[in-house]
Amino acid sequence: MPIPLDTLRSELDLPLAHPDAAELQRMGQESLQWLIQHFATLPEQSIGQTGSRHELEAMLREPLPELGRAFIEVIREFSEKVAPYSFRVNHPRFFAFIPSAPNYVSVLAELLCAGTNFFAGVWLEAAGPTQVELVVLDWFKELLGYPPEAGGILTGGGSEANLTALVVAREPLALEQRARSVIYLTEQRHWSIDRAARIMGLRAAGCNRRPCMRLYRGIARTVSIPGRWWPMRARPTPAPLIRWTRSPTSAAQSDSGCMWTPLMVGPLC
Ligand SMILES: Cc1ncc(COP(=O)(O)O)c(C=O)c1O
C-alpha cells in the first residue's frame, strides 16, 4: 500500500541519519561474511544455475521501494534470490566462458576504488592513482616486449579495450577517409568487435569476415585488396598503426583477432 505523499514529506523533513562508524563496520562485516563464505566454499558449490524469466520475475519483481530496509535483509535477499541464479565464474571447475574470475585481493582493491571513486580524468585530482596506472602500463609493455614509446590506458574490460583500440587505429585517417574505412575480421573474433564497429559507424558492408587459419591466427595473411592477397609483411603500405594499437588491454585479447583488426583499419582504406 503506497505511503501518502504528506506522510513521506513529513518524514523527509529531517535528513536521514548517516550510519555511524559502528554501523558502517557492521554493514561491512555482513557483506564480507557472505563473500568470505562464498570464496571458502567455492570448490564444493555447484557451478551455478540459471532460471527462467518467469521464475525470476516472480521472485524479484517489486514496486520501487519508498523506504529503506535493514542492510542485513538486503544481503539475505541477495544471498537467497540473486546470487544463486548465476554461474560462479571463479569456480575451479568453470571453463565454459572466460569472463574475469575475481580473486579475493582484487575484490578488496575494488572496494577501495569504489569507496574512493578517484577521478582520474585529470592529473590534478588523482596524481597518485594515475601514476599507478602509468607504472602498470609500463609493466605490461615490458612483459609484452613493446618499445618505450608505446602507450595505452587501462580499461574496464575487453569490449571497452576493443572499442578504444579501433578508435585509436582510425584516428590517423582524415575525416573524409573514414567513411571508406573497411574493417577485416576473423570469423573467430569476439562479438564486441562487431559492436565497436557499429558504435564507430563503420559501414556494415565494410565488415568483412575472413576465414581463420589454423590456430586462429591467419587473418593477417588472408587480407585481400581487390582481388589480391597480401601477406602481412608484404602489405603495400607500411603499417604505422601498429604504433597506435599497443594498448596492453586490447593486445591481451589478440586471440580473437581484435589486436590484428586495428592494424588493418588504416592501411586498407
Ligand atoms: C576475446 C574477448 N574479447 C572481448 C571480450 C569482452 O570483454 P568484456 O566482457 O570485459 O567487455 C571477451 C570476453 O569474454 C573476450 O573473450
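Coordinates for the structure precede this section.
The structure presented is a predicted model; accordingly, all values stated were derived computationally and were not measured.

Conventions adopted
- Residues numbered from 1 in each chain as written.
- Predicted model: local features only at pLDDT ≥ 70, side-chain atom pairs only at ≥ 80, totals over all residues.
- Helix = DSSP H or I, 4+ residues; strand = E, 2+ residues; numbered from the N terminus.
- Contact = placed C-beta atoms within 7 Å.
- Core = buried A, V, L, I, M, F, W, Y, C linked by C-beta atoms within 7 Å.
- Buried ≥ 20, exposed ≤ 12 C-beta atoms within 10 Å, placed from the backbone.
- Arc of directions from axis to C-beta.
- Axes fitted to C-alpha atoms, helices over the stretch in contact; angles between N-to-C directions.
- Parallel < 35°, antiparallel > 145°, perpendicular 65-115°, else oblique.
- Left-handed = near helix turned anticlockwise from the far one by under 90°.
- Nonpolar A, V, L, I, M, F, W, Y, C, P; charged D, E, K, R; others polar.

Colleague: So what's going on with the overall build of the chain? Which residues, and what values?
Modeller: When its secondary structure is counted, the chain shows 11 helices and four strands. Of the contacts formed within the chain by residues at least 6 apart in sequence, a portion of 71% connects residues at least 24 apart.

Colleague: Any details on the environment of K81? Residues and values, ideally.
Modeller: Here K81 shows up in helix α4 (residues 71-82). Separated by 25 residues in the primary sequence, K81 and L56 have C-alpha atoms spaced 8.3 Å apart. Here K81 is in contact with M59 and L60, once residues within four sequence places are set aside.

Colleague: Please give an account of the nonpolar core that cites residues and values.
Modeller: Ranked by size, the top nonpolar core spans 13 residues in total, and within it A165, L166, I183, A196 and A197 carry the most contacts. Element by element, the count of residues in this core is highest for helix α7 (residues 158-170), at six residues.

Colleague: Could you give me a rundown of helix α9 (residues 191-199), with the residues and numbers involved?
Modeller: Residues I193, A196 and A197 constitute the buried set of α9. The arc enclosing the buried residues of α9, seen along the axis, measures out at 100 degrees, which places them on a common side. Counted as exposed and oriented over 90 degrees from the buried face of α9: W191, R198 and I199. Just downstream of α9 lies G201, where phi reads positive at about 75 degrees.

Colleague: Which residues make up the packing of helix α2 (residues 21-40) against α4, and what are the values?
Modeller: Working note: a packed helix pair is described by the angle between its axes plus the distance between those axes. Between α2 and α4, whose axes approach to 10 Å, the crossing angle comes to 15 degrees. Classified by the angle between their axes, α2 and α4 sit roughly parallel to one another. In the packing of α2 onto α4, the handedness of the crossing is right-handed. Contacts between α2 and α4 involve M27, E30, S31 and W34 from the former and F71, I72, I75 and S79 from the latter. Considering only residue class, the contact of α2 with α4 consists of five nonpolar, two polar and one charged.

Everything listed here is a matter of coordinates, which is why it stays silent on function.
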